[in-house]
Amino acid sequence: MPVAELSAPPGARDLLLETASAIMRDGDIVDISLSELSLRSGLNSALVKYYFGNKAGLLKALLDRDWQAIVTSVDALVAKDEWDAEAKLRRHISKVIDTFYAVPYLNRLTMRMVRESDDAEARRIADCYLSPIYRAYEELIGEGVRDGVFRDIDPQLFYFTVTGAVDRFFSTRLVMKYCFDTDTLTEELRDRYREHTIDIIMAGILAR
């Protein structure tokens, strides 16, 4: 069906992406059904084929959208010459927690896309989105070590520490439901976890 016959409103592509994101956030999943996407967005599901090729293309575009914001943010943070390494790292961890609160599916979606992609696409994801975070940690930790603020720790292991701490918390609604009688991740709980995580991680890396 030609796209003109689908009566696509302005911003339809972005609306499809945001609706897909909302479905995964609300359901604590890393998949969508095109019928639910159509129902919740109010758009014809044939627009997925027009804009993205297929559902896999939609998920790829969503991954690119969410990761690009993170990479841009961390690049800008590293470039802030007026901030020291400790301030930068505290700010970064805070932003990572805010990001996972907004898109808690991100790490699981990334791993799914890497597993289901061919080698070239998996390498693209790693080069564009994962490696820049690791390189930022190399630079920030190296700067802190040179300044005598940080212990000399492995940036690769630090990457897994931060990612694991944040991803595990924001993908654990079933644990919260059956252990703590709630499956709602509120802003108040996010803020408490942000403070807790920054304190724990920084205590492990600071030289003093």
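A. Expanded view of the packing of helix H1 (residues 12-27) against helix H4 (residues 55-78). Relative to each other, H1 and H4 sit at 85°, their axes nearing to 10 Å. As far as their axial angle goes, H4 and H1 are roughly perpendicular. Residue-level contacts link Arg13, Leu16, Leu17, Glu18, Ala20, Ser21 and Met24 of H1 to Leu58, Leu59, Ala61, Leu62 and Arg65 of H4. Looking at side-chain class alone, the contact of H1 with H4 contains eight nonpolar, one polar and three charged residues.

B. Structural context of the pattern of salt bridges. As enumerated under the stated definition, the model contains 20 salt bridges in all. Taking the shortest distance from any N to any O, the salt bridge between Glu18 and Arg25 comes out at 3.4 Å. For Arg40, the salt bridge is made with Glu36, and the minimal N-O distance between the two is 3.4 Å. Of this pair, Arg40 and Glu36 both sit in helix H2 (residues 34-41), four residues apart, which is roughly one turn of the helix. Judged by its relative accessible area of 31%, Glu36 falls in the partly exposed class. In the salt-bridge network here, residues are joined through shared partners; they are Glu18, Arg25, Arg65 and Asp66.

C. Representation of unusual backbone geometry within the structure. Positive phi values are uncommon outside glycine, yet Asp28 reaches one of about 55°. The residue Asp28 is located in the loop between H1 and H2 in this model. Note on Asp28: relative accessible area 18%, which makes it buried.

D. Focus on the environment of Phe100. Structurally, Phe100 is set in helix H5 (residues 85-102). Residue class for Phe100 comes out buried when judged on its relative accessible area of 7%. Between the alpha carbons of Phe100 and Val166 there is a distance of 7.0 Å; along the sequence they are 66 residues apart. Apart from the residues within four sequence positions on either side, Phe100 is in contact with Asn107, Val166, Asp167 and Phe170.

E. Structural view of H5. The terminal C-alpha atoms of H5, which comprises 18 residues, lie 26 Å apart, in line with the 26 Å expected from a rise of 1.5 Å per residue. Regarding H5, the residues found buried are Ala85, Glu86, Lys88, Leu89, His92, Ile93, Ser94, Val96, Ile97 and Phe100. The inward-facing, buried residues of H5 abut H4, helix H6 (106-116), helix H7 (119-146), helix H8 (155-170) and helix H10 (187-205).

Conventions adopted
- Residues numbered from 1 in each chain as written.
- Predicted model: local features only at pLDDT ≥ 70, side-chain atom pairs only at ≥ 80, totals over all residues.
- Heavy atoms only, no water.
- Axes fitted to C-alpha atoms, helices over the stretch in contact; angles between N-to-C directions.
- Helix = DSSP H or I, 4+ residues; strand = E, 2+ residues; numbered from the N terminus.
- Parallel < 35°, antiparallel > 145°, perpendicular 65-115°, else oblique.
- Contact = heavy atoms within 4.5 Å.
- Nonpolar A, V, L, I, M, F, W, Y, C, P; charged D, E, K, R; others polar.
- Salt bridge = Lys/Arg side-chain N within 4 Å of Asp/Glu carboxyl O.
- Buried < 20%, exposed > 50% of the residue type's maximum accessible area, 1.4 Å probe, protein only.
- Expected span 1.5 Å × (residues − 1).

By themselves, these figures tell us nothing about what the structure is for.
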